[in-house]
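# Structural features, examined
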Amino acid sequence: MAALLDLGVPLEHLRAELSKLALPDGSYMLSARRTERQHVSALKFDVEAHDQHTQRHYAGIDAMIADSTLADPVKEKARRIFRRLAEAEALVHGVAVEDVHFHEVGAVDSIVDIVAAAICLEYLEVEQVYASALPLGSGFVQTAHGLLPVPAPATVELLRGMVVHGNCGDGERVTPTGAAILAALATGSCSRPEMTLARVGSGAGGRDFSDCPNILRAFLGTSAVGGGDEVREVSCNLDDVTPEIIGYVQELLLENGALDVWLTAVQMKKGRPATIISFLCAPPDLERLAALVMSETGTLGVRYASPRRIVQSRRVEERDTSFGPVRFKVGEYGEKPEYEDCRRIARERGIPCREIMQQLLHRERA
């Protein structure tokens, strides 16, 4: 959080957005100040919480975020992070995801950290997150479950698919909260993408380590024109699943991090009508999303390929229009208003969404 704030997110903006959560009044306080770690300047961010020992169930946290007035992209990111946490805890403790209750990560400061990360990424208009190799650390940490080895079992589960290293001293170097944020939002590759670097944010941790400055750096930039990345394209044929279930799976995939989902009507052997459900995802999300499809549809397997994408350089601009502020996605070969903004205006004013998009495009061209 400190690194993201250091990239230029106003603390007052963060406070205003977090107030949209149904957390008890006075249950936390935010502060940020400059400090040093081994003579390197960095921003220190603190959440002073007043109900640290409150236990919350996954379902309650998910409902709190879903029912808030936060922007839809913020809700989606935050809910995805907590879903990954719940899945890891469920696996470690041998319980169903719905039965998971949180201790440390259910406390107010961790809820604030996770939702705040989603708020900051949306403010900075970040479209893709990359993580360098993560330090494993060593030793033991005291938790609500007792003394646990470092990294904690849930953290290890969350780091599956991420690049890690052991070239560091002892102590907890990656917390479950930090691991969940990266597991849900970052690619599994530790290679930095080719980009035009705009800003660097430095966030200070709470402890001093002898082997390195306890600082996390965040690099913000724009991708080079013609730059690309590798994705996974996954699909399976469904000939015995109802359309309602297929639609439900499509929604689940998008909620859980799929980059795109589409359906294709086909005819299989013996004249059986069927549907191919296909989706794109980041490489580390492959196994998790494939398991989701198999558990929800009953299919015995999925197939996947590893294509590369050529991604057009683009940026988001907020413009004043007759409908109020509207974000436009601007690329080298064209531009268009953001669908989420057009949908919001359509619902507020009772105007068909397509008419709003047409008017905005016509006025911009004029």
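Keep in mind that this is a model prediction, so the values were computed, not measured.

### Points about the overall build of the protein chain
Per the secondary structure count, the protein chain includes 11 helices and 19 strands. Since a compact globule built from 366 residues should have a radius of gyration of about 21 Å, the 22 Å found for the protein chain is in line with a globular shape. Relative to its full complement of 366 residues, the protein chain shows a buried share of 42%. Pairs at least 24 residues apart make up 65% of the contacts formed inside the protein chain by residues separated by at least 6 positions. Summing over all exposed atoms, the protein chain offers an accessible surface of approximately 19300 Å²; the carbon and sulfur share of this is 51%.

### Observations regarding helix α4 (residues 72-93)
Its 22 residues give α4 an end-to-end C-alpha distance of 31 Å, which sits within 8% of 32 Å, the value for a rise of 1.5 Å per residue. G94 sits one or two positions beyond α4 and adopts a positive phi of about 65°.

### Some details on the environment of G298
Inspection of the secondary structure puts G298 in the loop between α9 (286-297) and β15 (303-305). We classify G298 as exposed; its relative accessible area is 52%. Between the C-alpha atom of G298 and that of L238, which follows or precedes it by 60 residues, the distance is 9.1 Å.

### Some thoughts on the packing of helix α8 (residues 243-255) against α9
In the contact formed by α8 and α9, the axes pass within 10 Å of each other and the chain directions differ by 160°. One element, α8, and the other, α9, form an angle in the roughly antiparallel class. The crossing of α8 and α9 is right-handed. Where α8 approaches α9, its residues I245, Y248, V249, L252 and L253 are matched on the opposing element by L289, L292, V293, E296 and T297. Across the contact of α8 with α9, the residue classes tally to eight nonpolar, one polar and one charged.

### A look at the sheet that holds strand β14 (residues 273-281)
Reading across from one edge, β13-β14-β12-β15 is the order of the four strands in this open sheet, with antiparallel pairing throughout. Both outer strands of the open sheet, β13 (260-267) and β15, are each paired with one neighbouring strand and no more. Averaged over neighbouring strand pairs, the angle between their axes works out to 20° when direction is ignored. Examined bridge by bridge, strand β12 (residues 232-238) and β15 share three bridges and lie antiparallel to one another. Within β15, the residue paired with S235 across the bridge is R303. Here α8 sits on the sheet and contacts β12, β13 and β14; the angle it forms with β13, its principal contact strand, is near 155°.

### Brief notes about the packing of aromatic side chains
On inspection of all chains with the given rule, the structure shows zero aromatic pairs. Its end group placed over the ring of F328, R319 keeps NZ or CZ at 4.6 Å from the ring centre.

### Some words on the pattern of salt bridges
It is possible for side chains of opposite charge to pair when their charged atoms get near one another. Scanning all chains against the criterion turns up 25 salt bridges. Across the salt bridge formed by R327 and E122, the nearest N and O atoms sit 2.9 Å from each other. Residue R327 is located in strand β18 (residues 324-331), and its partner E122 is located in helix α5 (residues 108-123); the two are separated by 205 residues in the primary sequence. The residue R288 makes a salt bridge to D285 at a minimum N-O spacing of 3.2 Å. Judged by relative accessible area, which is 4%, D285 ranks as buried. The network of salt bridges with shared partners includes R83, R84, E87, D285 and R288.

### Some points on the packing of α5 against helix α7 (residues 176-185)
Viewed as axis vectors pointing N to C, α5 and α7 meet at an angle of 35°, and their least axial separation amounts to 10 Å. In this structure, α5 meets α7 at a crossing whose hand is right-handed. Counting all contacts with α5, which are made through S110, D113, I114, A117 and L121, the residues of α7 involved are T177, I181 and L185. For the contact of α5 with α7, the per-class residue count stands at five nonpolar, two polar and one charged.

### Things to note about the nonpolar core
Membership of the largest hydrophobic core comes to 59 residues, with the highest contact counts inside it found for L14, L18, L21, F82, F102 and V115. For this core, the elements supplying multiple residues, two or more each, are α1 (2-6), α2 (11-18), β2 (40-49), α3 (58-66), α4, α5, α7 and β10 (215-223). Top contributing element to this core by residue count: α5, with 11 residues. Not counting chain neighbours up to four residues away, the residues in contact with L14 comprise M1, L5, L30, F45, A116, I119 and C120. In terms of nonpolar packing, the next biggest core, distinct from the first, is built from 17 residues, I246, A258, L289 and L292 among them.

### Some words on helix α10 (residues 339-349)
Looking only at α10, the buried set comprises D341, C342, I345 and A346. End-on, the buried residues of α10 take up no more than an arc of 135°, which puts them together on one face. Those residues of α10 that are exposed and aimed more than 90 degrees away from the buried face are R347 and E348. G350 lies just past α10 and shows a positive phi near 70°.

### What about the environment of I276?
Tracing the sequence through the fold places I276 in strand β14. Of the residues examined, I276 reaches a relative accessible area of 17% and is grouped as buried. Setting aside anything within four residues of it in sequence, one finds I276 in contact with S235, C236, N237, W262, L263, T264, V266 and R303.

The rules behind each value
- Residues numbered from 1 in each chain as written.
- Predicted model: local features only at pLDDT ≥ 70, side-chain atom pairs only at ≥ 80, totals over all residues.
- Heavy atoms only, no water.
- Helix = DSSP H or I, 4+ residues; strand = E, 2+ residues; numbered from the N terminus.
- Rg over C-alpha atoms; globule rule 2.2 N^0.38 Å.
- Buried < 20%, exposed > 50% of the residue type's maximum accessible area, 1.4 Å probe, protein only.
- Contact = heavy atoms within 4.5 Å.
- Areas by Shrake-Rupley, 256 points an atom, 1.4 Å probe, with all protein chains shown as cover.
- Expected span 1.5 Å × (residues − 1).
- Axes fitted to C-alpha atoms, helices over the stretch in contact; angles between N-to-C directions.
- Parallel < 35°, antiparallel > 145°, perpendicular 65-115°, else oblique.
- Left-handed = near helix turned anticlockwise from the far one by under 90°.
- Nonpolar A, V, L, I, M, F, W, Y, C, P; charged D, E, K, R; others polar.
- Pairing = 2+ DSSP bridges.
- Phe/Tyr/Trp six-rings, centres within 6.5 Å; stacked < 30°, edge-to-face > 60°.
- Lys NZ or Arg CZ within 6 Å of the ring centre and 35° of its normal.
- Salt bridge = Lys/Arg side-chain N within 4 Å of Asp/Glu carboxyl O.
- Core = buried A, V, L, I, M, F, W, Y, C linked by side-chain atoms within 4.5 Å.
- Arc of directions from axis to C-beta.

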